[in-house]
Amino acid sequence: MSSEAVHVALMPSAGMGHLIPCLRLASLLVQYHCKVTLITTLPTVSLAEEQLISRFHSTFPQLNQIHLQLQKPSSPSHNSTTDPFFLRYEAIRASSNLLSPLLSSLSPPLSAFVTDVFLISLLLPITHGLGLPNYILFTSSAAMFSFFSHFPTLVPSLPELDDVKIPGISPIPISSIPHMLLLPNTIFRKIVMEDSPKVTKFQGVFVNTFEALESQSLGALNVGKVVKGMPPIYAIGPFKPCEFEQEGQWEAPLRWLDDKPVGSVVYVCFGSRTAMGRVQIREVGEGLVRSGCRFLWVVKDKVVDREEEVELDEVLGLELEERMREKGLVVKQWVDQSVILGHKAVGGFVSHCGWNSVIEAAWNGVPIMAWPQHGDQKINAGVVEMSGWGMWNKDWDWAGEGVVKGDEIGEAIKEMMKNESLKIKASQLKEAGRKATSVGGDCEVALKKLIQEWKKNV
Ligand code: UPG
């Protein structure tokens with residue numbers, strides 16, 4: 001039987017940090033001749049998501065698309081958040097009754113389902129009911145997955161801990177634990193407590209990582225040290241950035257980079273959903289000026305891009321903007337990050353360590369100056385630091401807890417840009433990442449084997 005008959009559905013949750021890896025995995029499955037159905041919810045929270053989904057479908061018109069109509073949660077169970085992305089997870093979870101008939105009507109019938117990590121509890125009963133193999137797409141690091149799957153057993157002792165000890169994994173300082181997990185009634189903690197114990201009921205977990213980057217966590221997870229009965233963890237990264245992600249209107253920053261010397265530019269971006277306060281934004285600007293380096297900086301003033309209304313000069317102030325002009329380019333728009341990181345002029349990345357950013361930097365061999373802001377990012381920064389291709393000043397607070405001054409930022413950037421050992425390690429990782437995704441690499445071996453298994457369900 002040809003692999004065309006293998007039909008896989010994928011469902012991302014909200015935010016570019018979840019959509020991008022889901023679409024990269026979907027396009028990998030298309031390359032392996034699977035039929036793919038993508039289930040999305042419209043309207044999306046951000047404009048960037050809407051535009052990416054549209055480009056994805058224009059590039060792969062043969063793909064099946066299903067839009068799940070959202071229902072309002074009848075009784076919002078969490079009022080501890082105003083975060084639009086978390087509110088969307090809740091809305092998707094409240095609309096589960098609509099999914100079962102949608103999935104069972106698909107033709108040819110589904111061979112497997114891939115569930116975003118934030119939708120575990122919503123999708124598990126549905127795929128079980130339909131007898132479908134179900135896989136988690138974990139969008140963060142394997143280190144974070146170890147923490148996520150071990151978390152409920154840690155809860156009783158959390159208040160007394162200095163370090164979190166997970167079997168087979170280096171201790172994680174309590175200061176690296178996502179804040180929302182330390183507070184009892186947050187939506188994030190509720191989701192993790194509900195979803196984490198269910199990971200063993202899945203057939204496997206896909207992680208956008210690779211052995212050379214996270215061998216310790218992958219080893220511990222796959223021998224069942226972290227949680228007994230853990231299904232296989234498939235390290236199928238680093239996911240390759242895809243052509244459908246690129247958009248002509250984002251060319252300007254790339255053209256600006258073209259005539260800059262090799263490795264001379266520091267690229268600064270804090271992902272798709274981190275909006276720093278104005279005071280901190282201006283300190284970043286000061287830091288960039290003080291570093292003396294050339295820079296390309298993406299400023300974000302609002303969590304959701306649809307709400308970005310204020311012009312850049314108002315955010316930065318005219319005087320700072322003027323001083324920055326000589327050495328850098330500052331933009332307040334979506335940029336094509338994965339292409340920027342692959343540009344020869346870029347020699348360092350100031351990153352919040354959202355996992356997709358980390359993996360894109362590894363893919364391109366770019367050293368990182370880690371500046372985690374929220375959630376999983378300190379755990380991811382730990383991975384970067386431990387593997388020797390990035391530096392991280394652990395004294396810097398979580399976002400909103402204090403302001404890091406420009407002179408400190410400038411010094412740290414200078415240090416990263418001149419550190420030769422970071423560059424060597426980053427280029428070794430790039431090589432290892434390319435190998436993992438080449439013919440006969442871990443990604444191909446895992447996916448081919450799975451597709452053979454899924455064929456048995458056809
Ligand atoms: N990106 C662009 N252009 C921009 C801004 C972002 O292409 O102007 C891309 C970037 O290349 C990456 C993605 O958007 O592919 C952003 O993802 P990520 O780096 O993971 O950051 P977040 O958007 O902050 O992602 C959320 C969480 C993060 C988590 C991640 C995966 O904030 O902590 O690791 O989701 O679960």
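What comes next is a walk through the structure.

**What to know about the pairing of strand 3 (residues 64-68)**
- Across five bridges, strand 2 (residues 35-41) lies against strand 3 in parallel orientation. Counterpart to Ile-39 in the pairing with strand 3 is Ile-66.
- The β-α-β motif built from strand 2, the intervening helix 2 (residues 47-59) and the parallel element strand 3 has right-handed crossover chirality.

**Topic: the packing of aromatic side chains**
- Taken as a whole and judged by the stated rule, the model has 19 aromatic pairs.
- Taken together, the ring pairs connect Phe-86, Tyr-89, Phe-118 and Phe-188 into an aromatic cluster.
- Taking the ring centre of Trp-256 as reference, the NZ or CZ of Lys-260 above it sits at 4.3 Å.
- The ring of Trp-363 is capped by Arg-434, whose NZ or CZ atom sits 3.8 Å from the centre of that ring.

**Points about the packing of helix 11 (residues 278-291) against helix 17 (residues 406-418)**
- For the pair helix 11 and helix 17, the least separation of the axes is 7 Å and the interaxial angle reads 45 degrees. By the angle between their directions, the pair helix 11 and helix 17 is classed as oblique. In this structure, the crossing between helix 11 and helix 17 has a hand that is right-handed. Residues Gln-280, Glu-283, Val-284, Glu-286, Gly-287, Leu-288, Arg-290 and Ser-291 of helix 11 form the contact with helix 17, whose own contacting residues are Gly-406, Asp-407, Ile-409, Gly-410, Ile-413 and Lys-414.

**A closer look at the side chain of Thr-127**
- Assignment of secondary structure puts Thr-127 in helix 5 (residues 120-129).
- Not counting residues within four places of it along the chain, the set of residues in contact with Thr-127 comprises Phe-113, Leu-132 and Asn-134.

**What about helix 18 (residues 420-436)?**
- Its 17 residues place the ends of helix 18 25 Å apart at the C-alpha level, agreeing with the 24 Å of an ideal helix rising 1.5 Å per residue.
- Taken as a whole, helix 18 has its buried residues at Leu-422, Ala-426, Leu-429, Gly-433 and Ala-436. All buried residues of helix 18 fall inside an arc of 80 degrees around its axis, so they share one side. Exposed and oriented more than 90 degrees from the buried face of helix 18 are Glu-431 and Lys-435.
- At its buried positions, helix 18 is contacted by helix 9 (211-222), helix 15 (355-364), strand 15 (390-392), helix 17 and helix 19 (442-455).
- Where helix 18 begins, the side chain of Asn-419 points an oxygen toward the backbone nitrogen of Ser-421, at a separation of 3.0 Å.

**Overview of the pattern of salt bridges**
- Applying the stated criterion to the full structure yields 22 salt bridges.
- One salt bridge in this structure joins Arg-24 and Glu-360, with 3.0 Å as the shortest N-O distance. Separated by 336 residues along the polypeptide, Arg-24 in helix 1 (residues 16-31) and Glu-360 in helix 15 bring together distant segments of the chain.
- Note that Arg-255 is salt-bridged to Asp-258, the shortest N-O span being 2.7 Å. Of this pair, Arg-255 and Asp-258 both sit in helix 10 (residues 251-258), three residues apart, which is roughly one turn of that helix.
- Residue Asp-258 is classed as partly exposed on the basis of its relative accessible area, which comes to 34%.
- One continuous salt-bridge network, built from bridges that share partners, spans Arg-93, Lys-190, Glu-194 and Asp-195.

**Details of the nonpolar core**
- Membership of the largest hydrophobic core comes to 79 residues, with the highest contact counts inside it found for Phe-138, Phe-145, Phe-147, Leu-257, Tyr-267, Ile-368 and Trp-389.
- Residue contributions to this core peak at eight residues, all from helix 6 (residues 142-154).
- Once you skip the residues sitting within four places of it in the chain, Phe-147 turns out to touch Leu-154, Val-164, Ile-166, Ile-172, Ile-177, Pro-178, Leu-181 and Ile-379.
- Ile-20, Val-36, Leu-450 and Ile-451 belong to the second largest nonpolar core, which has 39 residues in total.

**Side note on the environment of Gly-129**
- By the secondary structure assignment, Gly-129 is in helix 5.
- Residues Gly-129 and Val-335 lie 206 residues apart in sequence; the distance between their C-alpha atoms is 42 Å.

**Here we look at the side chain of Glu-245**
- Mapped onto the elements, Glu-245 comes out in the loop between strand 9 (233-235) and helix 10.
- Here Arg-24 takes part through its side chain, which lies 2.8 Å from a polar atom of the side chain of Glu-245.
- Engagement of the side chain of Glu-245 in a polar contact is seen with the backbone nitrogen of Cys-242, the distance being 3.0 Å.
- Excluding residues that lie within four positions of it along the chain, Glu-245 makes contacts with Ile-20, Arg-24, Leu-52, Arg-55, Trp-250, Asp-336 and Ser-338.

**Overview of the site of the ligand**
- Around the ligand, the surrounding shell holds 21 residues, and the nearest of these are Ser-272, Val-335, Ser-357, Glu-360 and Asp-376.
- In this structure, an oxygen atom belonging to the ligand sits 2.8 Å away from a side-chain N or O atom of Thr-139.
- Relative to its free-state accessible area of 680 Å², the ligand is covered by the protein chains to the extent of 93%.
- Contributions of two or more residues to the shell around the ligand are made by helix 1, helix 15 and helix 16 (377-386).
- Sorting elements by how many residues they give to the shell around the ligand places helix 15 first, with four residues.
- When grouped by side-chain class, the residues that make up the shell around the ligand number five nonpolar, 13 polar and three charged.

**Here we look at helix 5**
- With respect to burial, helix 5 is a largely interior element, seven of its ten residues being buried.
- The complete set of buried residues in helix 5 reads Ile-120, Ser-121, Leu-122, Leu-123, Leu-124, Ile-126 and Thr-127.
- Just downstream of helix 5, Gly-131 is the residue with a positive phi angle, here 65 degrees.

**Side note on unusual backbone geometry**
- The peptide bond linking Leu-42 to Pro-43 adopts the cis configuration, its omega dihedral lying at -5 degrees.
- With respect to the element layout, Pro-43 can be found in the loop between strand 2 and helix 2.
- Despite not being glycine, His-33 has its phi angle at roughly 65 degrees, a positive value.
- Inspection of the secondary structure puts His-33 in the loop between helix 1 and strand 2.
- Non-glycine residue Cys-353 carries a positive phi angle of around 70 degrees.
- Cys-353 sits in the buried class, given a relative accessible area of 0%.

Scoring rules and cut-offs
Residues numbered from 1 in each chain as written. Predicted model: local features only at pLDDT ≥ 70, side-chain atom pairs only at ≥ 80, totals over all residues. Heavy atoms only, no water. Pairing = 2+ DSSP bridges. Helix = DSSP H or I, 4+ residues; strand = E, 2+ residues; numbered from the N terminus. Right-handed = clockwise from strand over helix to strand, strands pointing away. Phe/Tyr/Trp six-rings, centres within 6.5 Å; stacked < 30°, edge-to-face > 60°. Lys NZ or Arg CZ within 6 Å of the ring centre and 35° of its normal. Axes fitted to C-alpha atoms, helices over the stretch in contact; angles between N-to-C directions. Parallel < 35°, antiparallel > 145°, perpendicular 65-115°, else oblique. Left-handed = near helix turned anticlockwise from the far one by under 90°. Contact = heavy atoms within 4.5 Å. Expected span 1.5 Å × (residues − 1). Buried < 20%, exposed > 50% of the residue type's maximum accessible area, 1.4 Å probe, protein only. Arc of directions from axis to C-beta. Polar contact = N/O pair within 3.5 Å; in protein donor to acceptor, adjacent residues only side chain to side chain. Salt bridge = Lys/Arg side-chain N within 4 Å of Asp/Glu carboxyl O. Core = buried A, V, L, I, M, F, W, Y, C linked by side-chain atoms within 4.5 Å. Near = heavy atom within 4 Å. Areas by Shrake-Rupley, 256 points an atom, 1.4 Å probe, with all protein chains shown as cover. Nonpolar A, V, L, I, M, F, W, Y, C, P; charged D, E, K, R; others polar.

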